[in-house]
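What the coordinates show
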Amino acid sequence: MHLTGPEMLRISRGLWGSTWLGRDAGTRVNPGVNMALRRKDSEEGAERWLEVDASMTGTLTFKDPVNLRINGRFEGTLDAKGKAIYPALVWLDNRASDQAAFLAERFGKDVYSRTGIPEIVPTWSACKILWIRQNEPEVFSRAHKFLLVQDYLIYRLTGRIVTDGSVSCTTLNYDLVKNAWWTDVQDAIGIRTEQLPEIVQPGARVGTLSPEAAGQLGLSTKTCIVTGGMDQAVGA
C-alpha cells in the first residue's frame, strides 16, 4: 500500500500485540512476542517491541515523512545503559497485591484527589515497582529508569525519555493536580523522581527518528514522534 502523506500513523502497543493505524494505511496488527499471559503474573520481552513494529512497516511505502503517535501501557525497567533488565509487566499483572494493600493504607484517602484513580490496585506501576524492590532486589539496585511501554518505544525511536499525564495518571506515581510526579509515593516505594521520565503534554512533538531507528523501521529521519495518550483518555 502506498501512502501519499503527510500521514499520521499511530502505534498502539496493547495486550495482544502491536497495532498500526493510519488514515490511508488502514490497520495492521502483529501479535505480541515473548508474552507470558496470566492474570497473576503477566510479562513480555521489552527488547523485541521495536523488532515487531519494524516488521510491520514492510507492507507500507512512504512517499513523504510521516508522524508516529505512540501509546501503550506496560511497565519496563532499564539500567544506566538504557537496556531492559527485567521483563516488562503487562498492565493486568496482579502479582503486587500485598504492595497495593500497603500503599492503599498509606495513600487511600488521598489517591483520588491527587491522581484521579478511584482505588489502589496491584496493576498500578507504583505497586509493581515496590514488588520488584521487595522480590528482585538485584534488579531494583540496577534500575536506572522505570518506564511505560509508550515511554520505552519513544526512547528507542528518539533517544528521549518522556511520558505524558494521560498515560502516567494510572501509575499512582503521577500527581494529576500539579502535573508532576507524586514524591510522597516515590518515597514510599523507594525510588527517586529522576528515575521516572520527563513529563510532557499529550500529543507533544518529542523529536524525530534517530538514524538507527529510521533504518530499522524503513522510515525517514524526518519522521516526527508524538506522544499518543492512553486509550481511555483519548476516547473520552
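Before going into details, it helps to say that this report is about the structure given with it. These numbers were taken from a predicted model, which means no experiment stands behind them.

As a further point, take unusual backbone geometry. Of note, leucine 172 is a non-glycine position whose phi angle comes to about 75°, a positive value. Inspection of the secondary structure assignment puts leucine 172 in the loop between helix H7 (165-168) and strand S12 (174-175). Residue classification places leucine 172 among the buried residues on the basis of a relative accessible area of 0%. Phi is positive for asparagine 179, which is not a glycine, with a value near 50°. On the secondary structure map, asparagine 179 appears in the loop between S12 and strand S13 (180-181).

Below, the discussion takes up helix H4 (residues 125-135). Along H4, 8 of the 11 residues are buried, which leaves the element largely enclosed by surrounding structure. Every buried residue of H4 is accounted for by Ser125, Ala126, Cys127, Lys128, Ile129, Leu130, Trp131 and Ile132.

On to helix H6 (residues 149-158). Burial of H6 is extensive: 9 of the 10 residues sit out of reach of the surface. Three or more residues of H6 are buried, namely Val149, Gln150, Asp151, Tyr152, Leu153, Ile154, Tyr155, Leu157 and Thr158. Immediately downstream of H6, the backbone of glycine 159 shows phi near 90°, a positive value.

Glancing now at the packing of helix H2 (residues 97-107) against H4. At their nearest, the axes of H2 and H4 sit 8 Å apart, and the two run at 120° to each other. For the pair H2 and H4, the crossing hand works out as right-handed. From H2, Gln99, Ala100, Phe102 and Leu103 reach across to H4, where they touch Ala126, Cys127, Leu130, Trp131, Gln134 and Asn135. Across the contact of H2 with H4, the residue classes tally to 7 nonpolar, 3 polar and no charged.

Quick notes on the rules
- Residues numbered from 1 in each chain as written.
- Predicted model: local features only at pLDDT ≥ 70, side-chain atom pairs only at ≥ 80, totals over all residues.
- Heavy atoms only, no water.
- Helix = DSSP H or I, 4+ residues; strand = E, 2+ residues; numbered from the N terminus.
- Buried < 20%, exposed > 50% of the residue type's maximum accessible area, 1.4 Å probe, protein only.
- Axes fitted to C-alpha atoms, helices over the stretch in contact; angles between N-to-C directions.
- Left-handed = near helix turned anticlockwise from the far one by under 90°.
- Contact = heavy atoms within 4.5 Å.
- Nonpolar A, V, L, I, M, F, W, Y, C, P; charged D, E, K, R; others polar.

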